[in-house]
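The chain contents come next:
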Amino acid sequence: MEEESASIEDAVVGRTLLRAALETLDDESAACLVLHYVAGERYGEIAARLNLSSEAVRKRVGRALAALRRVYAAMESEAAQ
Amino acid sequence: MNKHPEILTAQAPHLSDEQLAAWVVDELSGDERSAAQRHLAGCAACRGALAETQRIGTLARAARSMADRVSGADISVVQRVLAQLNDEKPTTPSSEPVRGELAVPAYGVAPTANRRRDVWRRVGALAAVLLLIAMSALLFTRLSGRGPAVTSTSTSTFTPGSDPLANIPGNWSQVLPERGGISDVAVVSPTDIWAVGGIGTPNNSGSQDIVLLHFDGKLWHRSPESFPGASLSSISMVSANEGWASGAIGVGQPFLLHYINGHWRDARTSLTLPTTSGLKYLTLDKIQMASATSGWMLASPVVNQTGVSPTDIYEYHKSGDEYRWEPILSFDGVNFTALAAVSNHEVWFVGSRGPHALAIRLTVGYLNNDPQSYVINRDAREFDMDALGLSSISMRSPTDGWAAGGDDVNGGVLFHWDGQKWTPRPVAQAEIDGVVMTAENTGWVYNRVYNQGAGYLYATADNQWLSYPLASDETVVTGAAITPTTFLAIVDSFKDPHNVVPVPRVYTMGQGTPLPTPPPYVAP
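Computed from a predicted structure; not experimentally measured.

Caption draft 1: The packing of helix H2 (residues 27–38) of chain A against helix H4 (residues 54–80) of chain A, seen in detail. Residues and elements named next belong to chain A. Two elements in contact, H2 and H4, have axes whose closest approach is 8 Å; the angle formed by their N-to-C orientations is 85 degrees. In this view, H2 runs roughly perpendicular relative to H4, as classed from their interaxial angle. For the pair formed by H2 and H4, the contact residues are Glu28, Ser29, Cys32, Leu33, His36 and Tyr37 on the first element and Val57, Arg60, Val61, Arg63, Ala64, Leu65 and Leu68 on the second. Considering only residue class, the contact of H2 with H4 consists of eight nonpolar, two polar and three charged.

Caption draft 2: Region of the structure containing the pairing of strand E6 (residues 242–249) of chain B. All names here are of chain B. Of all eight residues making up E6, eight are buried, and the element is well covered by its neighbours. Of the two faces of E6, the one lined by Glu242, Trp244, Ser246 and Ala248 and the one lined by Gly243, Ala245, Gly247 and Ile249 are each fully buried. Pairing geometry for strand E5 (residues 230–237) and E6, over seven bridges, is antiparallel. The partner of Ser236 across the bridge, within E6, is Trp244. From the end of E5 to the start of E6, which pair antiparallel, there are four residues. Two elements, E6 and strand E7 (residues 253–260), share eight bridges in a ladder whose sense is antiparallel. Counterpart to Glu242 in the pairing with E7 is Ile260. Between E6 and E7, which pair antiparallel and follow one another directly, the connecting turn spans three residues, one of which, Gly250, has a positive phi of 60 degrees.

Caption draft 3: Seen up close, the environment of Glu41 of chain A. One can find Glu41 of chain A in the loop between H2 and helix H3 (43–50). A distance of 2.5 Å separates a polar atom in the side chain of Glu41 of chain A from a polar atom in the side chain of Arg49 of chain A.

Caption draft 4: Structural view of the pattern of salt bridges. A full pass over the atoms with the stated rule returns 16 salt bridges over all chains. Among the salt bridges present, the one from Arg58 of chain A reaches Glu18 of chain B, with a minimum N-O distance of 2.9 Å. One end of the pair, Arg58 of chain A, is in helix H4; the other, Glu18 of chain B, is in helix H2 (residues 17–24), on a second chain. Under the relative-accessibility criterion, Glu18 of chain B is labelled buried at 19%. Residue Asp400 of chain B is joined to Arg396 of chain B by a salt bridge in which the shortest nitrogen-to-oxygen separation is 2.6 Å. Judged by its relative accessible area of 7%, Asp400 of chain B falls in the buried class. Classification of Arg396 of chain B as partly exposed rests on a relative accessible area of 39%. Through salt bridges that share partners, Arg58 of chain A together with Glu18 and Glu32 of chain B make up one connected network.

Caption draft 5: Structural context of the packing of aromatic side chains. Residues and elements named next belong to chain B. Counted by the stated rule, this structure contains 23 aromatic pairs over all chains. On the basis of an interplanar angle of 40 degrees and a centroid distance of 4.9 Å, the ring pair of Tyr259 and Trp264 is categorised as tilted. Ring geometry for Tyr446 against Phe487: centres 6.2 Å apart, planes inclined by 45 degrees, an arrangement best described as tilted. On the criterion of sequence distance, the pair formed by Tyr446 in strand E22 (residues 442–447) and Phe487 in strand E26 (residues 486–493) is long-range, its members being 41 residues apart. Comparing Tyr446 with Phe487, the two get one shared label, buried. Here a set of aromatic residues connected by ring pairs shows up, and it is made of Trp444, Tyr446, Tyr468, Phe487 and Tyr507. The ring of Trp23 has Arg33 sitting right over it, with the charged end atom 4.1 Å from the ring centre. The ring of Phe227 is capped by Arg47, whose NZ or CZ atom sits 4.9 Å from the centre of that ring.

Caption draft 6: Region of the structure containing the nonpolar core. Membership of the largest hydrophobic core comes to 44 residues, with the highest contact counts inside it found for Leu17, Leu18, Leu33, Tyr37, Val57, Val61 and Leu68 of chain A. Counting residues per element, the ones that place at least two in this core are helix H1 (8–22), H2, H3 and H4 of chain A together with H2, helix H3 (30–42) and helix H4 (44–73) of chain B. By residue number, the principal contributor to this core is H4 of chain A, which donates nine residues. In this structure Leu33 of chain A touches Leu18, Ala21, Leu22, Leu25, Val38, Ala64 and Leu68 of chain A, once residues within four positions along its chain are discounted. Counting 19 residues, the second largest nonpolar core, distinct from the first, contains Val211, Phe215, Ile482 and Leu488 of chain B.

Caption draft 7: Broad picture of H3 of chain A. Residues and elements named next belong to chain A. Within H3, the full set of buried residues consists of Tyr43, Ile46, Ala47 and Leu50. Down the axis of H3, the buried set is contained in an arc of 100 degrees. They therefore lie on one face. Looking one or two residues past H3, Asn51 carries a phi angle of roughly 60 degrees, positive in sign.

Caption draft 8: Looking closely at the sheet that holds strand E27 (residues 503–508) of chain B. Residue and element names in this part refer to chain B. What the three strands build is an open sheet, ordered E25-E26-E27; its pairing is antiparallel. A strand with exactly one partner marks an edge of an open sheet, and here the two such strands are strand E25 (474–483) and E27. Strand after strand, the sheet turns through a mean of 30 degrees between neighbouring axes, direction not considered. Of the pairings in the sheet, the one linking E26 to E27 comprises six bridges and is antiparallel in character. For Phe487, the partnering residue across the bridge sits in E27 and is Tyr507.

Each value, and the rule that gives it
Residues numbered from 1 in each chain as written. Chains lettered and ligands numbered in written order. Predicted model: local features only at pLDDT ≥ 70, side-chain atom pairs only at ≥ 80, totals over all residues. Heavy atoms only, no water. Axes fitted to C-alpha atoms, helices over the stretch in contact; angles between N-to-C directions. Helix = DSSP H or I, 4+ residues; strand = E, 2+ residues; numbered from the N terminus. Parallel < 35°, antiparallel > 145°, perpendicular 65-115°, else oblique. Contact = heavy atoms within 4.5 Å. Nonpolar A, V, L, I, M, F, W, Y, C, P; charged D, E, K, R; others polar. Buried < 20%, exposed > 50% of the residue type's maximum accessible area, 1.4 Å probe, protein only. Pairing = 2+ DSSP bridges. Polar contact = N/O pair within 3.5 Å; in protein donor to acceptor, adjacent residues only side chain to side chain. Salt bridge = Lys/Arg side-chain N within 4 Å of Asp/Glu carboxyl O. Phe/Tyr/Trp six-rings, centres within 6.5 Å; stacked < 30°, edge-to-face > 60°. Lys NZ or Arg CZ within 6 Å of the ring centre and 35° of its normal. Core = buried A, V, L, I, M, F, W, Y, C linked by side-chain atoms within 4.5 Å. Arc of directions from axis to C-beta.

This is how it looks when you write it as structure tokens:
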């Protein structure tokens, strides 16, 4: 996947975001989060690695995104205060 | 024509997180993708969620780029973390309280310890390392030398300082989209500034989408709202919490946005279209609010393809929860170019009828003198001005106003209104496109020359004139006063006429080069 130049600030925010989201997820969803959002693997690759169907991976990535968005919203509202 | 896609697709469910996640990496099936595309076109909320999803992806990759840098540097940390993973992870219940400072509800049911061990074995070493590095707070906090912050929504490396004005050029170029042009700016305060415009198509045949940028005193941010085919030409903020922006969408159709509760919303349903038969096009060129309950717009209708296009005046009226924009006046053969609201009761328009410049004052009376009640009378008075045309007006009060314009043969004109009459004043060199007065006899005038340089920016204070340096191919596109002594100019270079690259600059009264009074006229 393409690499973009990332600022230190984004990296710190990204790490905080991942860490908080991972703590709220079941392990399969957490694994899907890391493999998809951090390692950049596609659904098919993750399915093969975790011995799951692509549909199951898609559902878990969806759960991972829901967790990430909840944390992101909490961080944004905290930053706004 | 589908003018209000929001309404037509309102029944369609919003995109789920699963669909949003799949959309950004193109993992949706063809049918699902086209359904999602249709929904996104009409749903600002889902477009916002999509922008957030993309932003989260960027942040996660940023964390990874940091992990990449670290892993090579400190293998022993990685090994220790891996060992920790194997020992600890299976016995750590996922429903344990969040250790960080963020209270986030736990999600899902904790699987059994055996199942966990199995999952992490399947994940493999690569992702496990990335995961643990991502979670290793101490490591990264030490590396970056600062705690987490979430104020930035761009990948800019610009570090804002404490002076908002000095931050204005800041991260602008990272936020402005390619081929993004700016038409208008609105300053609420030095830490609350909006800029609007449109994204040109590669062949300059129209607009791809709106440009809506906000400056918060530190950084510029691009608003996530997307309206394909739309462009914004004017913006007027009532307060930090409310404002309006107008423009066009598609082929000459009206476009209107309302900012309220922190979001820009499609406000086209508040618009009453004129009933003129044969009306084909109507664009909303200029908007100015006097308050949250009163405002006016200049609209350009085209009755038929051969017809002369006059300008219609739209009036905004809000009473309780009810609000509407209605066409109130259309002057035969008058082409209005600018407007300036003085109060709920008074607004001025300038323009021309044929080769004669004119200014029109509209006064509005309300039942019981209450602007939230009914309009009981309107009175329009016309003033002929000795000029070919006027292009800008700035009203400070009912007894202190300025109108400016001119033409490229005779040069600029500038008139002052004292409450009784308009009087010509010494004037800047070429025609004036914008006048922005900030105090008595004090303000800014600028000139933009379309598709070439040679624009200028002058400040005037008590008949003294100052000039501010612009490169020979630069021109001021638009501008607004930030404080009584500072001016935000959007400056564009016309080195490449097919690729506008507007930039914001801040000019300070008193720092310019003095000019003779009146400034000499130099033919462009």
